[in-house]
Amino acid sequence: MDLRVAHLYPDVMNIYGDRGNVIALRYRCESRGIGFSLTEVNIGDSFDPAAFDLVLIGGGQDREQRRIADDLARRGEGIRMAIEDGLPALVVCGGFQLFGRRYIDQAGEIIPGIGVFDLETRHPGPVADRCIGDVVIETAEGEVVGFENHGGRTYLAPGQAPFGKVRYGAGNNNGDRTEGARHKNAIGTYLHGSLLPKNPALADALIVAGLRRRYGPGVGLEPLEDTAETGAHANAVRITEKRRS
Ligand code: GLN
C-alpha cells in the first residue's frame, strides 16, 4: 500500500511549523512499511485531486491568502468533488478559512473561499485582539492539542459540524466553543503546532481514511511505539492547563 499526499502551496502557506504535519505522516506510514509519496502543488501547477489519498494545506496571513486565492478558486470544484467522494484533507488556519465560503480580511476585503465547509470568517480589524495561544479540544479522534494564532473569527452555518469542542483556547470565534469544521473526511482547524506529531491518533485517522478509500474498509494500522508522541501530547496539555487556567 502507499499513501499519495498532495501538499497545497507549501512555500506560501507554511507558518508555525505546518510542514511538520507532512513529516509526521511520512514517518507514520514508512515505519509501518506503507509507501509515502508527496506532491507539492504550487500556484499554476497541474493538480488532479482524484489522484490523491490525502490533501494538506497550512496557514498563512491575509497577504499570503490573497496570493493563492485565485489559484485555489480555480481548483475549487475538483477539490469539492473529491472531498464529497471521501478524500481526506487537513486544512489549517488560513487554509481552513479559504475552505469556507469566504473570508473578510482585516482590510474589509472579501476573499472568496471554495465552500468545502459551510462557514464564513470575518476579521474584526487591525485593532482587535488576535486569538493566540495553546488550545485543547475534544474531537471524535480524542483530545487534540495545538497552537492558534488568528485574527479572523469563524462562524459555522447551522448544520455545519465543528472539528471539536474547545476545552482551552478561543477556537473558531472566541465565543461558541466550537473549533474547526468537519465534512466527510475533511478536517479544518486553527491548530498549528505542528499539529500531527503530537496528536498521533489524529495522524493515524487521516492515514487510515485515505488508505480505506483506496484499498477498502478492511485496512487497519498496526500500532507504533509512541512514547515520544504521547509524551509530547501530555506535556502540551499540561502546559496549556497551566497557562490557561
Ligand atoms: N490571516 C488569518 C487570520 O489572521 C490566518 C492566520 C493564520 O493562518 N495563522 O485570521
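One structure accompanies this document, and this report is about it. (Residues numbered from 1 in each chain as written. Predicted model: local features only at pLDDT ≥ 70, side-chain atom pairs only at ≥ 80, totals over all residues. Heavy atoms only, no water.)

## Details of the pairing of strand E1 (residues 2-8)
Stage number 1. Within E1, five of the seven residues are buried, which leaves the element mostly enclosed by the surrounding structure.
Stage number 2. Judged from the seven bridges that link them, E1 and strand E2 (residues 35-41) form a sheet pairing that is parallel. Along E2, the bridge assignment pairs Val5 with Leu38.
Stage number 3. Pairing of E1 with strand E3 (residues 54-57), which is carried by four bridges, proceeds in the parallel orientation. Within E3, the residue paired with Val5 across the bridge is Leu54. (Buried < 20%, exposed > 50% of the residue type's maximum accessible area, 1.4 Å probe, protein only. Helix = DSSP H or I, 4+ residues; strand = E, 2+ residues; numbered from the N terminus. Pairing = 2+ DSSP bridges.)

## Side note on helix H2 (residues 62-84)
Stage number 1. Over its 23 residues, H2 runs only 27 Å from end to end, short of the ideal 33 Å by more than 12%, given 1.5 Å per residue.
Stage number 2. In H2, a bend of some 50° at Gly76 exceeds every other bend along the element.
Stage number 3. For H2, the complete set of buried residues consists of Asp62, Glu64, Gln65, Ile68, Ala69, Asp71, Leu72, Arg75, Gly76, Ile79, Ala82 and Ile83.
Stage number 4. Downstream of H2 by a residue or two, Gly86 has a phi angle that is positive, lying close to 100°. (Expected span 1.5 Å × (residues − 1). Bend = angle between axes of the 7 residues up to and from the residue.)

## Structural notes on unusual backbone geometry
Stage number 1. Residue Ser194 is bonded to the preceding Gly193 through a cis peptide linkage, with omega at 10°.
Stage number 2. One non-glycine residue, Arg177, lies in positive phi territory at about 65°.
Stage number 3. The topology assignment puts Arg177 in the loop between strand E11 (164-168) and strand E12 (178-179).
Stage number 4. Taking relative accessible area as the criterion, Arg177 reaches 38% and is therefore assigned partly exposed.
Stage number 5. Phi is positive for Lys184, which is not a glycine, with a value near 55°.
Stage number 6. With respect to the helices and strands, the residue Lys184 is situated in the loop between strand E13 (181-183) and strand E14 (186-189).

## A look at helix H4 (residues 200-215)
Stage number 1. Between its terminal C-alpha atoms H4 stretches 22 Å, which fits the 22 Å expected from 16 residues at 1.5 Å a residue.
Stage number 2. Among the residues of H4, Pro200, Leu202, Ala203, Asp204, Leu206, Ile207, Val208, Ala209, Gly210 and Leu211 are the ones counted as buried.
Stage number 3. Where H4 ends, the next residue or the one after it, Gly216, has phi of about 110°, a positive value.

## Things to note about the pattern of salt bridges
Stage number 1. The tally for this structure, following the rule as stated, stands at 25 salt bridges.
Stage number 2. Here Asp2 makes a salt bridge to Arg214, at a shortest N to O gap of 3.2 Å. Here Arg214 lies in helix H4 and Asp2 lies in strand E1, a separation of 212 residues in the sequence.
Stage number 3. Here Arg243 ties to Asp134 by a salt bridge, and the two come within 2.7 Å at their closest N and O atoms. Here Arg243, found in helix H5 (residues 227-244), pairs with Asp134, found in strand E8 (residues 131-139); they are 109 residues apart in sequence, far enough to count as distant.
Stage number 4. Overlapping salt bridges, with partners in common, bring together Asp2, Arg4, Asp53 and Arg214 in one network. (Salt bridge = Lys/Arg side-chain N within 4 Å of Asp/Glu carboxyl O.)

## Quick notes on the packing of aromatic side chains
Stage number 1. Taken as a whole and assessed by the stated rule, the structure comprises four aromatic pairs.
Stage number 2. Ring centres of Tyr16 and Phe147 lie 5.7 Å apart, and the angle between their planes is 75°; this geometry places the pair in the edge-to-face category. Of this pair, Tyr16 sits in the loop between E1 and helix H1 (20-30) while Phe147 sits in strand E9 (residues 142-150), and the two are 131 residues apart along the sequence.
Stage number 3. What makes Phe147 partly exposed here is its relative accessible area of 26%.
Stage number 4. Between Phe96 and Tyr190 the ring centres are 5.3 Å apart and the planes differ by 85°, which places this aromatic pair in the edge-to-face class. (Phe/Tyr/Trp six-rings, centres within 6.5 Å; stacked < 30°, edge-to-face > 60°.)

## Looking at the environment of Ala201
Stage number 1. Here Ala201 is to be found in helix H4.
Stage number 2. Note on Ala201: relative accessible area 46%, which makes it partly exposed.
Stage number 3. Taking the C-alpha atoms as reference points, Ala201 and Arg177, separated by 24 residues in sequence, lie 22 Å from one another.

## What about the nonpolar core?
Stage number 1. Core analysis: the biggest nonpolar cluster contains 60 residues, and Leu8, Ile79, Phe99, Phe117 and Leu196 have the highest contact counts within it.
Stage number 2. Phe99 has contacts with Ile57, Leu72, Ile79, Ile83, Val91, Ile114, Gly115, Val116 and Phe117, leaving out every residue within four places of it along the chain.
Stage number 3. Residues Val136, Val145, Ala236 and Val237 belong to the second largest nonpolar core, which totals five residues. (Core = buried A, V, L, I, M, F, W, Y, C linked by side-chain atoms within 4.5 Å. Contact = heavy atoms within 4.5 Å.)

Purely geometric stuff here, so don't read any function into it on its own.
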